[in-house]
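Working through the structure, step by step
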Amino acid sequence: MTASAELIVAAQAQAQEDPHAGVGHGDTGMSTALLGVLLFIGSELMFFAGLFAAYFNARAAAAQWPPEGVTFINAQWLPVIVTVKVACVVAPNSSVTV
């Protein structure tokens, strides 16, 4: 008898002794919280790896960086605008009364 046939016969004998053997997850395995965290971290890692790969690919393909013709925004008032927007969102939702 071959090894695989012996394995099948042993599995059938165990199934006849305990018909519920192997049913369900049991106590072994990884917790779902840990699995979820690991999958989340892995997906974020792949996402940012793709972003960096796209950036380095664009940078390597350009003869000059930044390419000619790129106009830059005037960011002089940007900190003030962001501060006002954040204050408008945070102030109504805060528990501090003014």
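See the structure printed just above.
A short tour of the structure in this document, coming up. (Residues numbered from 1 in each chain as written. Predicted model: local features only at pLDDT ≥ 70, side-chain atom pairs only at ≥ 80, totals over all residues. Heavy atoms only, no water.)

**Focus: the packing of aromatic side chains**
The line we're drawing: Pairing of aromatic rings covers Phe, Tyr and Trp, the last counted by its six-membered ring, and requires centre-to-centre distances within 6.5 Å; plane angles under 30 degrees mean stacked, over 60 mean edge-to-face, and any other angle means tilted. Residue exposure (1.4 Å probe, protein chains only): buried if accessible area is under 20% of the type maximum, exposed if over 50%, otherwise partly exposed.
The tally for this structure, following the rule as stated, stands at three aromatic pairs. Taken together, a centroid distance of 5.3 Å and an interplanar angle of 75 degrees make the contact between Phe47 and Phe48 edge-to-face. Owing to a relative accessible area of 48%, Phe47 belongs among the partly exposed residues under this scheme. A relative accessible area of 43% means that Phe48 is categorised as partly exposed. Clustering of aromatic rings is evident, with ring pairs tying together Phe52, Tyr55 and Phe56.

**A word on a nonpolar patch on the surface**
Where we set the bar: Two distance rules govern patches: like charges are joined within 9 Å, and nonpolar side chains (Val, Leu, Ile, Met, Phe, Trp, Tyr) within 5 Å, applied only to residues with over 30% relative accessible area and no salt bridge. Each accessible area is a Shrake-Rupley result for a 1.4 Å probe, and residues are judged covered by the shown protein chains and nothing else. What counts as a salt bridge is simple: a side-chain nitrogen of Lys or Arg found within 4 Å of a carboxyl oxygen of Asp or Glu. Numbering of helices and strands starts at the N terminus; helices are DSSP runs of H or I of at least 4 residues and strands are runs of E of at least 2.
On the surface, a cluster of nonpolar side chains totalling about 750 Å² of accessible area is made up of Phe47, Phe48, Leu51, Phe52, Tyr55, Phe56 and Trp65. Among the structural elements, Tyr55 can be located in helix α2 (residues 32-61).

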